[in-house]
Amino acid sequence: MHITKTVGIIGGGPGGLTLARILATRGIAATVFELDEHPLARPQGGSLDLHGDSGLRALREAGLTAEFKAVARYDDQGDALYDAQGTLHFQHNEASDGDRPEIDRTQLRSLLLDSLPSERIRWGSKVSAVEPLPDGRYHVVGPAGSLGAFDLVVGADGAWSRVRPLVSPATPAFTGVLFIELQIDDVDSRHPAVAKLLPRGKISVVGGNQGLIAQRSSHGHVRAYFMFRISEAQLQQGLVDTSSPARAREQLKALLPGWAPSLLAFIDACNDTLAARPIVALPVGHRWTHRPGVTLLGDAAHVMPPFSGEGVNMAMLDGLELGLALAADADWSRAVKGYEEAMFERAASAASGAMEGLDFVSEHALDHVLEHFREIQRQVAAAGSH
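Residues numbered from 1 in each chain as written. Predicted model: local features only at pLDDT ≥ 70, side-chain atom pairs only at ≥ 80, totals over all residues. Heavy atoms only, no water.

## Things to note about the overall build of the protein chain
Counted only if it meets this: Put simply, DSSP marks the helices as runs of H or I at least four residues long and the strands as runs of E at least two long, and each gets a number from the N terminus on. The reference for a compact globule is 2.2 Å times residues^0.38; the radius of gyration itself is calculated from the C-alpha atoms. The buried label goes to any residue with under 20% of its type's maximum accessible area, the exposed label to any with over 50%, and the partly exposed label to all in between, with areas taken from a 1.4 Å probe on protein chains only.
Looking only at helices and strands, one finds 13 helices and 17 strands in the protein chain. Against the 2.2 N^0.38 benchmark of 21 Å for 386 residues, the protein chain shows a C-alpha radius of gyration of 21 Å, consistent with a compact globule. C-alpha extents for the protein chain along the principal axes are approximately 65 × 50 × 35 Å. Each of the 386 residues in the protein chain was classed as buried or not, and the buried ones make up 54%.

The structure is reproduced here in structure tokens:
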């Protein structure tokens with residue numbers, strides 16, 4: 001089946017590319033506009049765990065399960081929880097045969113890109129505006145002029161979406177938590193003491209209004225996120241000077257009095273790529289009145305804190321559900337409205353859980369986080385018994 005109507009997708013992340021792939025396999029022409037000049041123009045982030053009923057389902061419906069299994073890491077699903085003094089409170093290191101396998105974000109993006117005709121991706125495309133046309137279509141405009149007109153424009157362009165204002169006045173707000181992201185190269189050969197703390201998967205450290213999550217990616221690469229609960233004023237002033245890696249390392253250590261040397265070793269081991277990442281979120285339950293010809297998915301629709309691991313999974317599920325709806329119903333306005341109503345409900349539930357995850361960086365976090373980890377262990381054990 002081939003459908004002559006066209007879709008313009010603003011943003012080439014996992015959500016937008018999932019939608020493009022689902023549409024391509026069902027005879028619907030979609031064009032992805034991506035700001036990056038090429039696939040490796042900037043770092044894509046660390047490791048992602050894909051969930052069976054969302055991210056993995058999307059890949060299955062997209063016909064990409066074999067490609068995923070070729071690069072996924074099924075043995076990097078371990079968890080450990082420490083306090084700031086280096087005491088181990090919880091550990092789960094059993095490999096799983098497929099519950100939440102890990103994949104590097106760059107690898108996920110690559111396998112989705114490789115599944116699409118190259119002419120479907122318009123690299124280096126900055127979108128300045130999306131304008132309604134008299135015939136009901138939308139005109140995508142760049143700095144140099146028209147990028148095309150489409151029957152449906154989908155904003156898959158992240159937290160600061162340029163498409164969102166067409167349907168909603170909402171903008172993301174700072175949640176009070178700042179991440180300082182560090183990267184460690186060749187951890188096993190160059191930093192064995194740090195590697196020993198990370199035998200597989202990730203570790204979490206609870207330290208009052210501070211915290212740490214460190215996670216393995218492929219090829220011995222580690223991303224670590226030191227977390228701080230701060231005010232808007234502190235955010236504006238800047239917590240550490242990331243323009244000077246040496247100064248930033250010293251400032252970070254000064255912010256963590258009493259932390260165990262074994263944990264501060266992540267700071268000593270990191271390379272010079274440090275980044276401050278304020279955690280922002282749209283209001284829980286964000287929704288809008290349906291507007292024919294335009295919609296949103298992923299962070300553009302429901303950006304939330306990353307603690308629940310739902311972000312990429314929700315984006316891919318959005319792409320899947322929207323693509324299936326468009327392929328199944330010739331009335332695209334009705335199809336999109338149905339997609340939106342279902343997405344609003346599942347996004348509200350996920351966002352509520354993600355906001356609760358902010359308690360990870362709080363004065364009395366340890367008991368709360370321990371119960372969360374134990375609940376995960378109970379779920380894993382229950383799944384294994386079936």
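## Observations regarding the packing of helix α1 (residues 14-24) against helix α11 (residues 311-328)
The criterion, for reference: Working convention: axes come from line fits to C-alpha atoms, limited for helices to the stretch in contact. Angles between N-to-C directions cover 0 to 180 degrees. Roughly parallel means an angle under 35 degrees; roughly antiparallel means over 145; roughly perpendicular covers 65 to 115; every other angle is labelled oblique. The hand of a helix crossing depends on one turn: near helix anticlockwise from the far one by less than a right angle means left-handed, and clockwise means right-handed. Working rule for contacts: check all heavy atoms of both residues, and any pair within 4.5 Å makes them a contact. Following the grouping adopted for this structure description, the nonpolar residues are Ala, Val, Leu, Ile, Met, Phe, Trp, Tyr, Cys and Pro, the charged ones are Asp, Glu, Lys and Arg, and the polar ones are all others, Gly among them.
Orientation of α1 relative to α11, taken along the N-to-C sense of each, is 25°, at an axis distance of 8 Å. On the basis of the axis angle, α1 is roughly parallel to α11. The way α1 lies across α11 gives a crossing that is right-handed. Mapping the contact onto sequence places Pro14, Gly15, Thr18, Leu19, Ile22 and Leu23 in α1 and Val312, Ala315, Met316, Gly319, Leu320, Leu322, Gly323, Leu324 and Leu326 in α11. For the contact of α1 with α11, the residue count by class is eleven nonpolar, four polar and no charged.

## A few points about the sheet that holds strand β10 (residues 145-150)
What counts here: Whether two strands pair depends on DSSP finding at least two bridges between them.
Ordered by their spatial adjacency, three strands build an open sheet running β8-β9-β10, and the pairing between neighbours is antiparallel. Looking at the sheet topology across the chains shown, the edges are occupied by β8 (129-132) and β10. Taken over all neighbouring pairs, the strand axes of this sheet differ in orientation by 25° on average, direction set aside. Bridging between β8 and strand β9 (residues 138-142) involves four bridges; their strand directions are antiparallel. By the bridge assignment for β9, glutamate 131 is matched with histidine 139.

## Comments concerning the environment of glycine 12
Positionally, glycine 12 belongs in the loop between β1 (3-10) and α1. Leaving out residues up to four positions away in the same chain, glycine 12 has contacts with Leu17, Val32, Phe33, Glu34 and Arg109.

## Focus: the packing of aromatic side chains
Any aromatic ring pair is given by two values, namely how distant the centres are and how the planes are angled relative to each other. The following threshold applies: Centres within 6.5 Å make a pair out of two Phe, Tyr or Trp rings, where for Trp the six-membered ring is used; the pair is then stacked when the planes are under 30 degrees apart, edge-to-face when over 60, and tilted otherwise.
Counted by the stated rule, this structure contains four aromatic pairs. On the basis of an interplanar angle of 50° and a centroid distance of 5.9 Å, the ring pair of phenylalanine 226 and tryptophan 259 is categorised as tilted. In this pair, phenylalanine 226 sits in strand β15 (residues 222-229) while tryptophan 259 sits in the loop between α8 (245-254) and α9 (261-269), placing the two residues 33 residues apart along the sequence. For the residue pair phenylalanine 226 and tryptophan 259, the accessibility class agrees, reading buried in each case. Considering the side-chain rings of tryptophan 288 and phenylalanine 344, the 4.8 Å spacing of their centres and the 85° angle between planes classify their relative orientation as edge-to-face. Taken as a pair, tryptophan 288 in the loop between β16 (275-281) and β17 (294-296) and phenylalanine 344 in helix α12 (residues 332-356) lie far apart in primary sequence, 56 residues in all. The exposure class of tryptophan 288 is buried, given its relative accessible area of 7%. The exposure class of phenylalanine 344 is buried, given its relative accessible area of 3%.

## Comments concerning the side chain of histidine 290
The condition is simple: Polar contacts here mean pairs of N or O atoms no more than 3.5 Å apart (in protein, one a potential hydrogen donor and the other a potential acceptor; neighbouring residues in sequence count only if both atoms are side-chain atoms).
Position of histidine 290 relative to the elements: it lies in the loop between β16 and β17. At 2.9 Å, the side chain of histidine 290 forms a polar contact with the side chain of serine 333. Of note is the side chain of histidine 290, whose polar atom sits 3.1 Å from the side chain of glutamate 340. Discounting residues that sit within four places of it in the chain, histidine 290 has contacts with Ser333, Val336, Lys337 and Glu340.

## Quick notes on the sheet that holds β15
Strand order in the open sheet formed by seven strands is β5-β4-β13-β14-β15-β12-β16, with mixed pairing between adjacent strands. Each edge of the open sheet is held by one strand with a lone partner, namely β5 (88-92) and β16. Between one strand axis and the next, the sheet turns by 20° as a mean value, whatever way the strands run. Pairing geometry for strand β12 (residues 173-184) and β16, over six bridges, is antiparallel. Along β16, the bridge assignment pairs phenylalanine 174 with valine 280. The strands touched by α9 within the sheet are β4 (79-83), β12, β13 (202-207), β14 (210-216) and β15, with β15 carrying the most contacts at an inclination of about 115°.

## Examining the environment of arginine 277
Note on placement: arginine 277 falls in strand β16. Note on arginine 277: relative accessible area 39%, which makes it partly exposed. Between the C-alpha atom of arginine 277 and that of glutamate 232, which follows or precedes it by 45 residues, the distance is 13 Å. Those residues within four positions of arginine 277 in sequence are excluded, and the remaining contacts are Val177, Leu178, Phe179 and Glu181. At a separation of 2.4 Å, a polar atom in the side chain of arginine 277 contacts the side chain of glutamate 181.

## Side note on empty space enclosed by the protein
Remark: the empty space left among the atoms is shown by a probe the size of a water molecule rolled over them. As a reminder, the rule being used: Residues are called lining when one of their atoms sits within 4 Å of a cavity or pocket point, these points coming from a 1 Å grid over the protein atoms alone, where a cavity is a set in which a 1.4 Å probe fits but cannot get out and a pocket is an open set with protein on both sides within 12 Å along at least five of seven lines. Grid points are joined across faces, edges and corners, and a volume is the space filled by probe spheres set on the points.
For the coordinates displayed, the defined rule picks out two cavities of 30 Å³ or more. Empty space within the largest cavity amounts to approximately 60 Å³. Lining the largest cavity are Leu282, Pro283, Val284, Gly285, His286, Ala301, His302, Val303, Phe344, Ala347, Ala348 and Ala351. Element by element, the count of residues in the lining of the largest cavity is highest for α12, at four residues. Taken together, the residues of the lining of the largest cavity break down into nine nonpolar, three polar and no charged.

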